[in-house]
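Coordinate analysis (summary)
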Amino acid sequence: MKIVVIGGTGLIGSKLVKRLGEHGHEAVAASPNTGVNTLTGEGLAEALAGASVVIDVSNSPSFEDAAVLEFFETSTRNLLAAEQAAGVGHHVALSVVGTERLPESGYFRAKIAQEKLIESSSIPFSIVHATQFFEFVPAIAAAATDGGTVAMAPVLFQPIAGDEVAQAVGRVAVGSPLNGRVEVAGPEQFRMDEFFRNALAASGDTREVATDPHARYFGAELSERTLVPGDGAILGEIKYADWAGRTASGK
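Before going into details, it helps to say that this report is about the structure given with it.

Let's shift gears to the environment of G41. Summarising the element assignment, G41 is placed in the loop between β2 (26–30) and α2 (44–48). A residue is classified by how much of its surface remains accessible, and G41, at 27% relative accessible area, is partly exposed. Between the alpha carbons of G41 and A82 there is a distance of 8.3 Å; along the sequence they are 41 residues apart.

This is the structure we're talking about:
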């Protein structure tokens, strides 16, 4: 079937397009790079013509509070309207485990708004909540760095390989709509501060990781289980220590 991947040229989107194509689907990568802009609506009708499923793995180019809210609300409204017009039968969105527990964060308030728009639409949907990707470990450390110190809270952390996120989203997309959420996470839980201390040391990074219970993650304080899934989550198999990208990036 024809499956349109919004954000199809990004980290997860490009993996999805490749994986779905290998399984015999007509997977279309839709992004500003390919002439499809969900903020303006440019190219949406053409891209969605004849599509059975739309997968939205796009992300805001800015994480500033107002900009990220504007991105997710406007793009989701435009996308859902175009799907309605095209007769799309399944809207799949990628979001983050713990989103509903992080209203202090402007980014996660925007993701909550996105999910509410999807739920209130008449289009059958599935929302996949994933934990943090292995690929984002350097960026998470950078965001938490002040001088030569990385502040991390001593909370649970269960990252997952991007390949396994793409696999889970792809499987959900070709199945029946859940009209609800499913969680995906890596196979191992760590303490967040210890994970980053070990990951940085293993890559020769000299930054010190300071344990701080009040350290913020995208503007929000974390509790013990904010970032980890509940019972029934789909768990990946790739461990961080065995992940090919870790050695490729020197992390």
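With that settled, consider the sheet that holds strand β3 (residues 53–56). The 7 strands lie next to each other as β2-β1-β3-β4-β5-β9-β14, forming an open sheet whose pairing is parallel. Both outer strands of the open sheet, β2 and β14 (234–235), are each paired with one neighbouring strand and no more. Summarising the sheet, strand β1 (residues 2–6) and β3 pair through 4 bridges and their orientation is parallel. Its bridge partner being in β3, I6 is matched across the sheet by D56.

Summed over all chains, the structure comprises 18 aromatic pairs. An aromatic cluster is defined as three or more aromatic residues linked by ring pairs; in this entry it consists of F63, F71, F72, Y107, F108, Y217 and F218.

All right, on to the pattern of salt bridges then. The tally for this structure, following the rule as stated, stands at 11 salt bridges. A salt bridge links R181 to E119; the shortest N-O distance between them is 3.2 Å. Here R181, found in strand β9 (residues 180–185), pairs with E119, found in helix α4 (residues 106–120); they are 62 residues apart in sequence, far enough to count as distant. When its relative accessible area of 40% is taken as the criterion, R181 is described as partly exposed. Across the pair R191 and D193 runs a salt bridge whose closest N-O atoms are separated by 2.6 Å. A relative accessible area of 34% means that R191 is categorised as partly exposed. Owing to a relative accessible area of 0%, D193 belongs among the buried residues under this scheme. Beyond isolated ion pairs, a larger network of salt bridges with shared partners links E104, R216 and E221.

Rules used throughout
Residues numbered from 1 in each chain as written. Predicted model: local features only at pLDDT ≥ 70, side-chain atom pairs only at ≥ 80, totals over all residues. Heavy atoms only, no water. Helix = DSSP H or I, 4+ residues; strand = E, 2+ residues; numbered from the N terminus. Buried < 20%, exposed > 50% of the residue type's maximum accessible area, 1.4 Å probe, protein only. Pairing = 2+ DSSP bridges. Phe/Tyr/Trp six-rings, centres within 6.5 Å; stacked < 30°, edge-to-face > 60°. Salt bridge = Lys/Arg side-chain N within 4 Å of Asp/Glu carboxyl O.

Spatial relationships are all this shows, so hold off on functional conclusions.
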